[in-house]
Amino acid sequence: MATTQRIRDPIHDLIVFDEKDEVDQLAWRLINTPEFQRLRRIRQLGVSEFVFPGATHTRFTHSIGVYHNARRLVRLIDEDRIDSPEEPGRNGTRSSEDRSRVIRVAALLHDIGHGPFSHAFEGARTALARAQGREKIKKHEFYSAELIRHRDMAIGRFLSEFDPALPEQVAQVIEADDPADIYHAVVSSSFDADRLDYLQRDRYMTGTRAGSVDLEWLMRNLIIELIPLSQEEDDPNPTTAPTFAFSEKARGAAEDFLLARYRLFTSVYLHKTTRGFEKVVGALIEWLGSPGNAAKVGIEGDHPLIRFLTADGDGSVEDYAHLDDIVVWGLIERLGRSTEAVPRRLARCLLDRDRPKCLDLSRHFGTSSAMIQGTDGKIMRMFSEQLGKTVFRDYGTTSLYKDLGGVAASEHKLIRVRTKDGVKEISRFDDTIISEHLKREAPFVRYYFFNLDEFDRARRIMTEGR
Amino acid sequence: MTDPNEVLRQTFAAANGEIVGRIRLQKIAYLLQQKAGSSDLFFTYHHYGPFSRELSDALDWAVMRGDIEEMPRETGFGSTYSAFHWNGPQEEAGDVAGGPAAPETKAVVAKLKKQPSVILELAATIHWLRVKEQVDDWREQLKIRKKLKATDVNISRAEGVLGDLGLAGGA
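Moving on: the packing of helix α3 (residues 59-78) of chain A against helix α4 (residues 97-109) of chain A. Residue and element names in this part refer to chain A. At a closest axis distance of 8 Å, the pairing of α3 and α4 adopts a crossing angle of 160 degrees. Considering their axes alone, α3 and α4 lie roughly antiparallel with respect to each other. Viewed along their axes, α3 and α4 form a crossing whose handedness is right-handed. Contact with α3, carried on its side by Ser63, Ile64, Val66, Tyr67, Ala70, Arg71, Val74 and Asp78, involves Ser100, Ile103, Arg104, Ala107 and Leu108 of α4 and no other residues of that element. Among the residues forming the contact of α3 with α4, the class breakdown is 8 nonpolar, 2 polar and 3 charged.

Pasting the structure below:
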């Protein structure tokens, strides 16, 4: 019998799964599957809690928060409460009950395929694939879609019991690169349900106070705009799709919203100590997945992580479903007692929070990219044998909209505001508080060292370069 | 792995020093690599299709060094995109048959530069699905991933690009 269920949440307060709402009831059933419960054991921010001890929240609470946000946004669309000045095409999906439920379920399940230590795990898998001469890895979006389609697992089974077409419909939303209609904006846009949750939750749980999200005002001032799906204006008839934008009344709040995201990137996600520990986690997973290494330290080949990492090609979704932070931490504890020097050092670093020494070339040289690159090359050559063992390199560029993979945001993820003169990307206003500097690429190159003498040698190269 | 700075230099050499847009640069580099096999940059799949993080970083660094000039332009939809001009060292990169600066390569790249970036995105993605992911029904998968872009007309144009490059057969 259907019953109303309630969850208390530090960000959204009371999240109710209504007994009279069949999608809420399906969502509650999905939450109680083994695949979804696995998300309780995957921390949202990986090793960020080494720097921000409060940041122990999980993909589980985040996913429920995303469902809550998606339900609110879908209702705004269903009830036609979002202003659409030019009535841009909604691709025939206006007030579509089917589409509403697909999107709500997709929002709930959007992270179902995340692996342990998320980005460090995918980075290590990429490095292993390259070492094996493989050109690609299956990423978490692939595993999400596979778990959703899998008829022998609870999620796929419950979805198809609800509607046989639902698993495929939900999986396709997760696999899509581009928005297909305005409902898609709920799961992928500048104001999607995912971003609305993680910006608030990560800020709250890390304790950082920079930036703010004026959620209610932004929701009240949402509008729909048609945007091009390609970045370059070289097509006289560009492919367009409807997505969320804001009315001018919310421009200030929208600026704060974008800056809140940027501040989280610079102060939390790209924090130099966190990135150092992520490098160590990645190196350890890579070591475990390299041929013969697990056997050297007495870890059985049928351990789910080893089976997954050493499979011919990408590992199976069945093995993937057994992986979580606890599985990896169990191995880290074992490696911390190993007689093998390399994995023991990596594991002790994590177990004892013995942070590697950081040499931050970008902080030292500022914006002098020539100096950064010259010194980077010298250090890399000097420590080529030690890279990934006792020396770790982190590099890339970042800017206002970039993601953690260094990829610029797609068009439908830019924040736009409608004025009487037309629609503008938010940083294009003459009186914006968003600095020009934030739009330019900022380089970062950091080295991490276990050994002080290696750190000192690298530091000498850096200071001599000045 | 091939030095991404070298791939960047060679791609601009083949493009007579001018490329409009990051997507176009990425897709030209990907398609040239598949055609000529002269580099082995690591590409992964992102929302615009095959993407090389190393090439993207190399571009950003080259702009910061001043080897490449980035000229922002505004679209009618309120956002910006960039045109890139090579200002760096001008030595010819392997002016040999099939090389990046060889006349036949330049002719191929000149045609690619004229294509809308959506067509290049679709061409690179079709190749990726067929060859890298080995998806049997690549057309259906393309329509799932890029529903509004993957019209029959656009797919046909993208297949034409692959045909011109000798990549229509898949492998």
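The structure having been displayed, the exposition proceeds.
This paragraph deals with the nonpolar core. Residue and element names in this part refer to chain A. In this structure, Leu73, Leu109, Phe191, Phe244 and Leu288 are the most contacted members of the largest nonpolar core, which totals 121 residues. The element contributing the most residues to this core is helix α11 (residues 251-269), with 11 residues. Beyond its immediate stretch of four places on either side in the chain, Phe191 contacts Leu73, Leu196, Leu215, Leu218, Met219, Leu222, Phe244, Phe246 and Phe257.

So, about the side chain of Thr398 of chain A. When you line up the elements, Thr398 of chain A lands in strand β6 (residues 391-398). Look past the residues within four positions of Thr398 of chain A in its chain and what remains in contact with it is Leu270, Arg440, Glu441, Ala442 and Phe444 of chain A.

Turning our attention to the pairing of strand β9 (residues 442-449) of chain A. Residues and elements named next belong to chain A. The element β9 is extensively covered by neighbouring structure, given that 7 of its 8 residues are classed as buried. Pairing of strand β5 (residues 357-360) with β9 involves 4 bridges; the strand directions are antiparallel. Across the sheet, Lys357 pairs through a bridge with Phe449, a residue of β9. Where β6 meets β9, 8 bridges bridge the pair, whose relative direction is antiparallel. Bridge pairing links Arg393 to Tyr447 in β9.

With that settled, consider helix α5 (residues 117-132) of chain B. All names here are of chain B. With 16 residues, α5 extends 21 Å between its outermost C-alpha atoms, agreeing within 8% with the 22 Å of an ideal straight helix rising 1.5 Å per residue. Among the 16 residues in α5, 15 count as buried, and that is most of the element. With its phi angle positive at about 50 degrees, Gln134 sits one or two positions after the end of α5.

Cut-offs and rules
Residues numbered from 1 in each chain as written. Chains lettered and ligands numbered in written order. Predicted model: local features only at pLDDT ≥ 70, side-chain atom pairs only at ≥ 80, totals over all residues. Heavy atoms only, no water. Axes fitted to C-alpha atoms, helices over the stretch in contact; angles between N-to-C directions. Helix = DSSP H or I, 4+ residues; strand = E, 2+ residues; numbered from the N terminus. Parallel < 35°, antiparallel > 145°, perpendicular 65-115°, else oblique. Left-handed = near helix turned anticlockwise from the far one by under 90°. Contact = heavy atoms within 4.5 Å. Nonpolar A, V, L, I, M, F, W, Y, C, P; charged D, E, K, R; others polar. Core = buried A, V, L, I, M, F, W, Y, C linked by side-chain atoms within 4.5 Å. Buried < 20%, exposed > 50% of the residue type's maximum accessible area, 1.4 Å probe, protein only. Pairing = 2+ DSSP bridges. Expected span 1.5 Å × (residues − 1).

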